[in-house]
Amino acid sequence: MKYDLNEIKKDVYWTGYLDWELKVFHGYSTPHGSTYNSYLLLDEKPTLIDTVKHYGFKESLDRIEDIIDPRKIEYIISNHTEMDHSGTIDELLDYCPNAQVVCSPKGEEGLKRHFKKRWRFKVVHTGDELDIGKRKLQFVLMPMVHWPDSMATYSSYDKILFPNDAFGQHIASNERFVDEKDQGFVFQEAAKYYGNIVMPYGAQVLKTLDVLSSIDFDMICPSHGLCWRKQEDIQKIIECYKKWASYETENKVLIVYDTMWHSTEKMAFKLNEILKEEGVVVKMMNLQDVDISDIVTEVLTSKFVLFGTPILNNCMLPSMASLLMYLKGLKPKNRYAFTFGSYGWATIGFKEVEEFIKEAGFELMDEGKYLKFIPDEKELMQLASIVSIIKEKIKG
Ligand code: FEO
């Protein structure tokens, strides 16, 4: 099949796969699909940067064949072992058997574990150069952004940075550039991507940003979603990454809850009402309606998160357990929490909620507020005490 040629700069082509149908990416909801970006650099030694997920092979190969005979490819750079980017190296090597696979030391280890093949590896480190003709490609190892093997490739000739997962978004799109889409939408998806994929690795992101600050690029081509080319967009996404990686938050409250017989819901609504009356920015999310990955996007920028669950069989509701287990892995820092909920005869389950929240890295602001069966208005007003605490913390 013939595709549009996606030449993003002279002799730099996008040859990836558009995954319009993707709805979940290892537990992260992707209602807008995703892309697995692969880039072909035409030079004396044609070079491919990253491949695609296994089922995108044919489309990606077709895109390559529309540009050159794949047998001419001399290097396949694997910036990251994860199979959404390295999943088709093996099949591709059938078409370019002489190509060398360029990767980090951890990349070599990971690719050998995945494929059990004796490919011709070329292992690179930060600062190494790969001469492919006009271009001398450079590499920056960026462990844990997203895996220990992750690295960025830089072409000074094109002034393009290829940072793999960093700066990505899960968006399938016929457009290739951020400035061709609605900005609010792309930045929201970039925030969701950071929160759900990169959040645990703030320290490593800051180190990488520091290294990248000495590199002169005017385009960022990530491995998912759209490329960044407008200078103001590039500045803005880098600033966002600095802020997110530093665990900076805004003075706003997220109330996340589930409910059985509407009692915990009443408490959530009362908290929302009082906070709003006090002029605090507040948002409510019901676990029955919202995917946990969208809740994480809000957690990313919220200084205060109020968790509400009733007790079922001496435990929190499974929806809350799922969120808290997810947050435990993502480890948000510098955030305050509060717990609330309704119970019938025993409060022991709330202890587990509090423990999970502490393990996820939150600081509990006060003792949780737990009310028996159906709260009346006077009991609901007891929630005002946490609102005072939040207001004090906002004042600093
Ligand atoms: Fe897009 Fe960590 O893979």
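Residues numbered from 1 in each chain as written. Predicted model: local features only at pLDDT ≥ 70, side-chain atom pairs only at ≥ 80, totals over all residues. Heavy atoms only, no water.

### Observations regarding the pattern of salt bridges
Opposite charge on two side chains makes pairing possible when the charged atoms of those side chains draw close. Summed over all chains, the structure comprises 26 salt bridges. With its nearest N and O atoms 2.8 Å apart, the salt bridge here joins Asp90 to Lys117. Of this pair, Asp90 sits in helix 3 (residues 89-93) while Lys117 sits in the loop between helix 4 (105-115) and strand 11 (121-123); the two residues are 27 residues apart in sequence, bridging distant segments of the chain. Among the residues examined, Asp90 registers a relative accessible area of 22% and is labelled partly exposed. Looking at Lys117, the relative accessible area reads 37%, which means it is partly exposed. (Salt bridge = Lys/Arg side-chain N within 4 Å of Asp/Glu carboxyl O. Helix = DSSP H or I, 4+ residues; strand = E, 2+ residues; numbered from the N terminus. Buried < 20%, exposed > 50% of the residue type's maximum accessible area, 1.4 Å probe, protein only.)

### Re the pairing of strand 10 (residues 100-103)
Where burial is concerned, the two faces of strand 10 agree: the one with Gln100 and Val102 and the one with Val101 and Cys103 are both buried. Two strands pair when backbone bridges link them, and strand 9 (residues 75-77) and strand 10 are joined in this way by three bridges, in the parallel orientation. Bridging across to strand 10, Tyr75 finds its partner in Gln100. Judged from the three bridges that link them, strand 10 and strand 11 form a sheet pairing that is parallel. Among the inter-strand pairings, Val102 is bridged to a residue of strand 11, identified as Lys122. At this point the chain moves from strand 10, through helix 4, to the parallel strand 11, and the crossover so formed is right-handed. (Pairing = 2+ DSSP bridges. Right-handed = clockwise from strand over helix to strand, strands pointing away.)

### Digging into helix 1 (residues 57-65)
Within an α-helix, residues lying three or four positions from one another point in the same direction, as the helix has 3.6 residues per turn. Of all the nine residues making up helix 1, seven are buried; the element is thus mostly covered by neighbouring parts of the structure. Buried residues of helix 1: Phe57, Glu59, Ser60, Leu61, Asp62, Arg63 and Ile64, and no others. Contacts from the buried residues of helix 1 go to strand 1 (6-9), strand 2 (12-14), strand 3 (17-19), strand 7 (39-41), strand 8 (47-49) and helix 3. (Contact = heavy atoms within 4.5 Å.)

### Considering the side chain of Ser60
With respect to the secondary-structure elements, Ser60 resides in helix 1. We classify Ser60 as buried; its relative accessible area is 5%. Ignoring sequence-local partners within four residues, the contact set of Ser60 consists of Thr15, Gly16, Ser38 and Val52.

### Focus: the packing of helix 5 (residues 183-198) against helix 9 (residues 292-299)
Closest axis-to-axis distance for the helix 5/helix 9 pair is 8 Å, and the angle between their directions is 100°. One finds that helix 5 runs roughly perpendicular with respect to helix 9. Contact residues: Gln188, Ala191, Lys192, Gly195 and Asn196 in helix 5; Ser293, Asp294, Val296 and Thr297 in helix 9. Residue composition of the contact of helix 5 with helix 9, by class: two nonpolar, five polar and two charged. (Axes fitted to C-alpha atoms, helices over the stretch in contact; angles between N-to-C directions. Parallel < 35°, antiparallel > 145°, perpendicular 65-115°, else oblique. Nonpolar A, V, L, I, M, F, W, Y, C, P; charged D, E, K, R; others polar.)

Read these as spatial facts, not as claims about activity.
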